[in-house]
Amino acid sequence: MIRENEYKQRRDCLLNKLSNNSIAIVFSATNKTRSNDTQYPYRQDSSLYYLTGFKEDNSALVLIKYKNKTKSILFVQKKDKNLELWTGKRLGIKKAKQKFKIDEIYESENLKSKLKEFLKDKKSLYCDLNSGHKKIKKVLQYAKSIENHKNISLLVGQMRLIKSENEIKLIKKAIGITANAHHYAMSSKKIGKKEYELQAEIEYIFKRSGAFSDAYTSIIACGNSANTLHYINNNKILVNNELILIDAGCEYDYYASDITRTIPVNGKFSEAQAEIYQLVLDTQIEIIKNIKPGVNRTKLQSLAELLLTRGMVKLGILHGSVKKLIKNNVHKKYYPHGIGHWMGIDVHDQAPYLDNKEKEIPLASGMVLTIEPGLYINKDDKRVPKKYRGIGIRIEDDILVTKYGNKNLSSAIVKRINEIEKLSQV
Ligand SMILES: [Mn+2]
C-alpha cells in the first residue's frame, strides 16, 4: 500500500522540476463509452494516480510554482446524493481535505474559474496534450501570459522510471497472483476447451485473488494463432499436439504484471516444438543475465537478435551468415518485435526511453522492465522445414534492475520444459 506521505513526496519532487512562474495540470481520465449508454469500467489516469492515489473521475491536480513558492491544489467531485445512488460514493471536499496533504481543495465545477485565476502571470504551462483535449483547449483560452507549453507526461514519466520499495511490493503482489494463474493453465486439462474458456479461468484466478482487473487484454493463442502478435479473439479450440501462447497478467491496486508462457495443450512438447522453445528460453535466460545498471536496452535487443538468428541457422530455419542475415533484417520475419518495455502503473509504463538530448536512458537500479523474446513461424511459410511451421513461442518475465545486477520478479513461474511437463501431469 502506498501512503499519503509518498504521494506528497512525489508531488514535491515534481514541483522541484518545474520552472519558476509555472503551472502544471494533470487531469483525471474520462469515462469511455462501450455501447450506447454503457461504459467501460473507469480507471484513473496513471499519472494523476501516481501523484495522488485518487481514483475518482472529474478530478484534476494543479501544481503552481510562483515567485519560487509552491502550491498544490486538487479538484474533486461534489457530493451528490442522487448521482451517488447510481455511481457510488464520492469522497467529497470535506473528506478530501482530511485525506490529502494538499494545500487547497476545490470542487470540480470551480475548475474553470480557478484555472483562469491561476493562469494569470504564469509563464510556463505543463500539461498532457494527449489527454483531456477538450478541457485543455478551454484552459489554453485563458493562458494569455503563457510563453511556453511543456509536456507534463515526460516529467512524471522520468519519475516513474524508478520504482519505490512500495511500488515494487505491489508489482510483486500482482506477479504472485499471475503466477498462480499460469500454473493453473499448465496443470489443467485443456484439449477441446475454447481459448476464451481458459482465459476466463485465468482471469477468475486474478479476481478471486483480489486483482480487480487484467493489466491488458489476455492473449490465449493456440497453434498458428500465436503468430498474430496481438491476437485477442481467443475464440478457437485448444487442439491436441499444439502449443498455447498465454500472455496474461493481472493488475493489482493499479500495478501491472506482464507474463507470457507457451505451453503444450496436451502437456508434452513435440521434438520440433521443444527445439524452438529451448532456443527462445536459452536466449531469454542469457539476456536476463546481462541486465544491470548502465546497460542499454538496445544492447539487449541486439543480443536477442544475434542469439535467435544463430539458433535459427542451426535449426535450418535461416541459411547463410548470421552477420549478413541480421544486417539485411532477414531474422525480423521471425522475431519482429522489441525485447521488452518499462512496466509499472501502465503495463507499457508511460516513461521515456530517451533523455532530453535524445540519448538512450541506460538501465538503473529500481527500474522494472519485461524481457520477452519470441519466434513466430507461420503455418504457410514454405521456406521453413515443415515440422516447425505453425509454431509461435514467446517467453516473458518481469525484471527489476538492482544495484549490482537484476532480480527476476517472476522467476517462480516455471518455464523449463521438464518443469512445465511435470506440472501438466499432476
Ligand atoms: Mn509485454
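Residues numbered from 1 in each chain as written. Predicted model: local features only at pLDDT ≥ 70, side-chain atom pairs only at ≥ 80, totals over all residues.

> Break down the overall build of the chain for me, with residues and values.
Each helix and strand counted, the chain has 13 helices and 19 strands in total. Counting the 426 residues in the chain, one finds 41% classified as buried. (Helix = DSSP H or I, 4+ residues; strand = E, 2+ residues; numbered from the N terminus. Buried ≥ 20, exposed ≤ 12 C-beta atoms within 10 Å, placed from the backbone.)

> Describe the domain arrangement of the chain, with residues and values.
Parsing the chain into structural domains produces domain 1 (4-160) and domain 2 (165-424). If you average the C-alpha positions of domain 1 and of domain 2, the two centres end up 36 Å apart. Taken together, the 9 residues of domain 1 in the interface contact 9 residues of domain 2. Counting residues per element, the ones that place at least two in the side of domain 1 that touches domain 2 are helix H2 (46-52) and helix H7 (152-160). With 5 residues, the top contributor of residues to the side of domain 1 that touches domain 2 is H7. (Domains from an automatic or database assignment. Contact = placed C-beta atoms within 7 Å.)

> Account for the sheet that holds strand E10 (residues 219-222), with residues named and values stated.
If you trace the 3 strands from one edge of the open sheet to the other, you get E10-E11-E14, paired in antiparallel fashion. The open sheet has two edge strands, E10 and strand E14 (260-264), and neither has a second partner. Averaged over all pairs of adjacent strands, the angle between their axes in this sheet comes to 15°, without regard to strand direction. For E10 and strand E11 (residues 243-247), the ladder comprises 4 bridges, and the chain directions are antiparallel. Its bridge partner lying in E11, Cys222 is registered against Ile244. (Pairing = 2+ DSSP bridges. Axes fitted to C-alpha atoms, helices over the stretch in contact; angles between N-to-C directions.)

> Describe unusual backbone geometry, naming the residues involved and giving the relevant values.
Look at Asn36: it is not a glycine, yet its phi comes out positive at around 40°. Following the sequence through the fold, Asn36 ends up in the loop between strand E2 (33-35) and strand E3 (38-39). Phi at Asn68 is positive, roughly 60°, even though this residue is not glycine. As for its placement among the helices and strands, Asn68 is situated in the loop between strand E4 (60-66) and strand E5 (69-76).

> I'd like a description of the pairing of strand E15 (residues 368-371), backed by residues and values.
Where burial is concerned, the two faces of E15 agree: the one with Val368 and Thr370 and the one with Leu369 and Ile371 are both buried. Of the pairings in the sheet, the one linking E15 to strand E18 (residues 397-401) comprises 4 bridges and is antiparallel in character. Along E18, the bridge assignment pairs Val368 with Leu400.

> Outline helix H10 (residues 271-289), listing residues and values.
For H10, with 19 residues, the first-to-last C-alpha span of 27 Å sits near the 27 Å given by 1.5 Å per residue. For H10, the complete set of buried residues consists of Gln273, Ile276, Tyr277, Leu279, Val280, Thr283, Gln284 and Ile287. Buried positions in H10, seen along its axis, are confined to an arc of 155° and lie on one side of it. For H10, the exposed residues set more than 90 degrees away from the buried face come down to Glu271 and Lys289. (Expected span 1.5 Å × (residues − 1). Arc of directions from axis to C-beta.)

> Give a detailed account of helix H5 (residues 111-119), specifying residues and quantitative values.
Among the residues making up H5, those that are buried are Leu111, Leu115 and Leu119. One side of H5 carries all its buried residues, which in axial view fall inside an arc of 60°. Away from the buried face of H5 by more than 90 degrees, exposed residues Ser113 and Glu117 are located. Looking one or two residues past H5, Asp121 carries a phi angle of roughly 70°, positive in sign.

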